[in-house]
Every structure is written in structure tokens, then in C-alpha cells.
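# Close look at the chain arrangement
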Amino acid sequence: MTSDTTIQSSTTTSKINTSEIAEHFHGELPFTLSQLKKAIPSHCFNRSLLTSSLHVTLDAIQALLAMILFSRATNWITENFGGNMILEWSLYSVIALLYIIFQSVTFTGLWVLQHECGHHAFCENDLISDIYGFIIGTMLYVPYFAWQKSHGLHHANTNRMERDQVWVPQTVISDEKEIKEKNIAIKGNSFTVMIDLIVITTIGWPLHLLLNVSGPMKENFVAYCIKGKRYEPYTENDTSKDKCQNNENDNSKGFKFTSHYYPYSPIFSKSEVFKIYLSVLGLIIWSFILYNFFIQTYGFLTVFIYYFIPLMGNFFFLTSITFLQHVDERIPHFDDNEWNWLKGAISTIDRAMHDSLLGRILDSKLHHIHDTHVCHHIFSKIPFYHAQEATIYLKKMLSGEYAKKNGDEAILVVNNNNNNNNKEGSDNEKVFNYYNCVEAKQESFFTSLVKELRDCLVLKRDKKYPGILFWLKK
């Protein structure tokens, strides 16, 4: 087994050379944040309160209309087919399924808009952004200010092994020999994927908020306290294996309890305690409203079907979308000696929901959170309705459709032809297709999700640059 990964598809077989990717991510990148920013038209950074508010209104109207239409459809079915139980329940099941899917996507679209608020990409006024975000997030059971802080830490430390906050890998090896020595599973199966999908749909997001599941190991209750996972970054002058892998017996660094509901968690500062209390208070008030004005009036079962099941659908989409944005065999993770902010920001991936009309509709309803994620990580204050245009210009910069010089410093010289990736430019710039590491994939959303859940279980350190890690795929 080598550090290269071969990927099979229905049409082509392509080879992902992780050693080459590590070579180009080692050291300084051949472009800067300011150079990338100059490549994007200035209007893409404009944040319109009117435009953003219109999207919130449209999504809210869609959610309300879906509830009304579903209610009328179920009443019509009961009135016309009430005497035929099989036909009645068959029609009801179809209508209910369609409602749940549509409403789950609509709730996720609203979640994306509160996500815009969290980055203050909603409008130019940060207070107004936070008011919108707090209201929308609370109605979707998001402790808004707590999530805003942890999500900000994720953006500040993307793919940084010890400080990232979401989907931090838990199993790391330095050598393939460890697979047999420790009986490490490097690939899942249908059963493990099914369990993962059930967890993602039901308790995955609540567990992340409650116990920081998927966060860094020393702040992840399940990983640290239940699974016994430990992580030590690579230390160049230390030859002990314990410094290069998960060390099951290392208790030298204690666990730090972290929860989005606990104001004194290590991710929050003293000045943020009030906001965390406010987030929790908002959820308590919303629960009171739900119980007294909806459950008491319409019954728990009705509220469960109309609200809580689509909310679980929202949990599924936001969790799985986030997973797919950060998990791919081409995407490196870093120890501190190799990481910097821009490396982390470009180490994400754009994906489309599906290469079809339905996929494009879903991407639109989800406000393009899935297919413009690289742009979002580099420039988080670009609103989603400008992100597609900005992505075009970023892709030009990162995939080498042109080369540009700024004095003696190359912005980037790359080549879309993979056969030329090992060549050097005439001015000795790195020739590498950076966007090749993050380009949109044409696989469907569910195909990608199943494949990555099955295949991406273990990180392996690069042999030449151990501070750079890639998913080990067979």
C-alpha cells in the first residue's frame, strides 16, 4: 500500500497522488489572501439587508404553505377515502413523505440563512444579523450565539487537528503496520454506514451541541471519555510512536468538558457568558411556546409530524452536508507545524447535490451552501447570493486558467492537465492545480455520503511531511 489512492468510478479510473498534494501544501502557498480577494469583483462583498430578508421571508412562506397544504391534503384524504383504510394510509404515507422531504429541505434553507447571520454575511449591520440569526436559529433549536462561537472557531482552525471544531478525525496512524498491530478498521461496511446514517439523522447534531461530538478529542466527551481516543501532533525530534498517533494510554492532558449549553466551556470567553445564557434562554422560551400554543392545541403527534420530523431532516442535511464539505481523499489535515489559516480554508470541497435539474433546485433551496463552500471558507462574509459568481473567479485563480505576476511574486501558475502537474514553470513557480483538490464532484449527494462514511475512517501521515495527513483509502 502506498500513499497514493486510486479512485474507481463508473466511467474513469483516476489516481490521487497524496504525496504530490502534500508537497504543494508544505511550506508557503504561492498566493496570498489579498491576491485572491483582488480577483473577485468588489460587488460580491456587498451584503444587502433587503435581499437577505427577502430570502428569509420566502423560505418562511414556503414552510407555512407546506404545512397548510399538507393539512388540507390529509383532510381531503380522510373525507374521501376514510372507509378504505389501506388506500387512506397509502395516500397519507405518500403525502406525508413528500411533505417531510420538502419541509426538511426548507428548514435546512432557513438554517443556512441563520448561518449567514452567524458570519455577519446577512447584512452590513452585525446587530441586525444577530437578531435575525437568533430568532431563526432558536426556532430550529440552535443555541445561536454558542453555535456562532464554535463555528467561528471552526473557520479559524479549519482542518487543524487539535483545534478544529467539526468532523475532527479520531484515528491517526503513521505507518500501515499499525493497522494489523492494533486491528484498526480502515473501511466500513453496509451495517456501519446504516448506523452512521441513523445517528446523523437523529442524535448526531444534538450530541454535537450537547457534548461537542465531532469536535477536537480533548473537548469531545464521546471520543475522549468513552472511546479513549488521544491525539498527539507529530514532533520532529521525538522518535517515539506515541507522539505520532492516537495513544490509548496517554492521560497527561486532561479532558475539557465542552457543551454549547454550558457557558463556562473552554471555547467561550468570560465576555461571552451572557450570550450563551441568552441562547439557552431562547430555547427554553421557544419550548414553552411550542408546548403551550401548539402541542396543547393540536396534540403532540401532529406537532411531531409537522415540525419535529422535518427538524430531524434538517439535522440530517446540515450534518451530512458539513461532513461532505470536509471529508474527501484529496483534502489534507494538518498539525500546527504545517497548518496556516489559508491552507485550512482552501482544504475544503465544493459538491453539487446532483448533476440534474432536481439537484440544481435543491442547491438553490439550500442557498448554495453545498456547491460554494471553498469560497465561503476563504471569504465568509460574501453572501450566498454572490458566492456562485465569486467561486468562478476563485476557481480561475486556484485552477490556473491564467497566470498572473505581481512584481516578483507569482499569484499562481498551475495547469488543468494532470499530466503537467509535476512540471515547473519558466519562473520556477509551483505548477499545481489547487482547485483540483477542491473541485465540485459530480456524484450525487447520497452516493458521496455513503462512500465517504464507508471509506474515510483513518488518517495517515504523509511519509515526507508527517505534519500533513490524508484519509487512508484502500
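Below you will find a few notes about this structure.

Here we take up the environment of alanine 223. Examined against the element boundaries, alanine 223 turns out to sit in helix 10 (residues 221–226). C-alpha separation for the pair alanine 223 and valine 213, spaced 10 residues apart in sequence, amounts to 7.4 Å. The residues touching alanine 223, leaving out its near neighbours within four places in the chain, are Gln170, Met217, Gly228 and Lys229.

Time to look at the packing of helix 8 (residues 190–201) against helix 12 (residues 300–326). Closest axis-to-axis distance for the helix 8/helix 12 pair is 7 Å, and the angle between their directions is 115°. On helix 12, the residues that touch Leu197, Ile200 and Thr201 of helix 8 are Met312, Phe315, Phe316, Thr319 and Ser320. Residues of the contact of helix 8 with helix 12, tallied by class, amount to five nonpolar, three polar and no charged.

Another aspect to go through is a nonpolar patch on the surface. The grouping of Phe191, Met194, Ile195, Ile198, Val199 and Ile203 at the surface amounts to a nonpolar patch, some 520 Å² of accessible area in total. Mapping isoleucine 195 onto the fold places it in helix 8.

By secondary structure assignment, the location of isoleucine 284 is in helix 11 (residues 273–298). Separated by 146 residues in the primary sequence, isoleucine 284 and threonine 138 have C-alpha atoms spaced 9.3 Å apart.

What you see with strand 8 (residues 468–471) is no split at all: Ile468 and Phe470 on one side and Leu469 and Trp471 on the other are buried throughout. Both strand 7 (residues 459–461) and strand 8 contribute to a ladder of three bridges, which runs antiparallel. In the sheet register, leucine 459 faces strand 8, and the bridge partner there is tryptophan 471. Counted along the chain from strand 7 to the antiparallel partner strand 8, the turn is six residues long.

One open sheet holds the four strands; their spatial order is 3-7-8-4, and the pairing between them is mixed. Single-partner strands in this sheet number two, and they are strand 3 (172–173) and strand 4 (333–334). In terms of strand pairing, strand 3 meets strand 7 through two bridges, oriented parallel. Bridge pairing links valine 172 to leucine 459 in strand 7.

The description of two aromatic rings rests on the distance between their centres and on the angle between their planes. Taken as a whole, this structure holds 29 aromatic pairs when the rule is applied. A centroid spacing of 6.0 Å and a plane angle of 35° characterise the contact between phenylalanine 70 and tyrosine 92, whose relative ring orientation is tilted. Linking phenylalanine 70 in helix 3 (residues 49–81) with tyrosine 92 in helix 4 (residues 85–118), this pair joins segments that are 22 residues apart in sequence. By relative accessible area, phenylalanine 70 is classed as buried at 3%. The exposure class assigned to tyrosine 92 is partly exposed, which follows from its relative accessible area of 22%. Judged by centre distance (5.7 Å) and plane angle (70°), the ring pair of tryptophan 111 and tryptophan 147 falls under edge-to-face. Here tryptophan 147 lies in helix 6 (residues 144–156) and tryptophan 111 lies in helix 4, a separation of 36 residues in the sequence. Note on accessibility: tryptophan 111 and tryptophan 147 belong to one class, buried. One aromatic cluster is present, built from ring pairs that chain together Phe107, Trp286, Phe300, Phe304, Tyr307 and Phe308. Lying over the aromatic face of phenylalanine 45, lysine 37 brings its terminal NZ or CZ to 5.2 Å of the ring centre.

Definitions and cut-offs
- Residues numbered from 1 in each chain as written.
- Predicted model: local features only at pLDDT ≥ 70, side-chain atom pairs only at ≥ 80, totals over all residues.
- Heavy atoms only, no water.
- Helix = DSSP H or I, 4+ residues; strand = E, 2+ residues; numbered from the N terminus.
- Contact = heavy atoms within 4.5 Å.
- Axes fitted to C-alpha atoms, helices over the stretch in contact; angles between N-to-C directions.
- Nonpolar A, V, L, I, M, F, W, Y, C, P; charged D, E, K, R; others polar.
- Patch = residues over 30% accessible without salt bridge, like charges linked within 9 Å, V, L, I, M, F, W, Y side chains within 5 Å.
- Areas by Shrake-Rupley, 256 points an atom, 1.4 Å probe, with all protein chains shown as cover.
- Salt bridge = Lys/Arg side-chain N within 4 Å of Asp/Glu carboxyl O.
- Buried < 20%, exposed > 50% of the residue type's maximum accessible area, 1.4 Å probe, protein only.
- Pairing = 2+ DSSP bridges.
- Phe/Tyr/Trp six-rings, centres within 6.5 Å; stacked < 30°, edge-to-face > 60°.
- Lys NZ or Arg CZ within 6 Å of the ring centre and 35° of its normal.

Interpretation in functional terms is not warranted from these geometric data alone.
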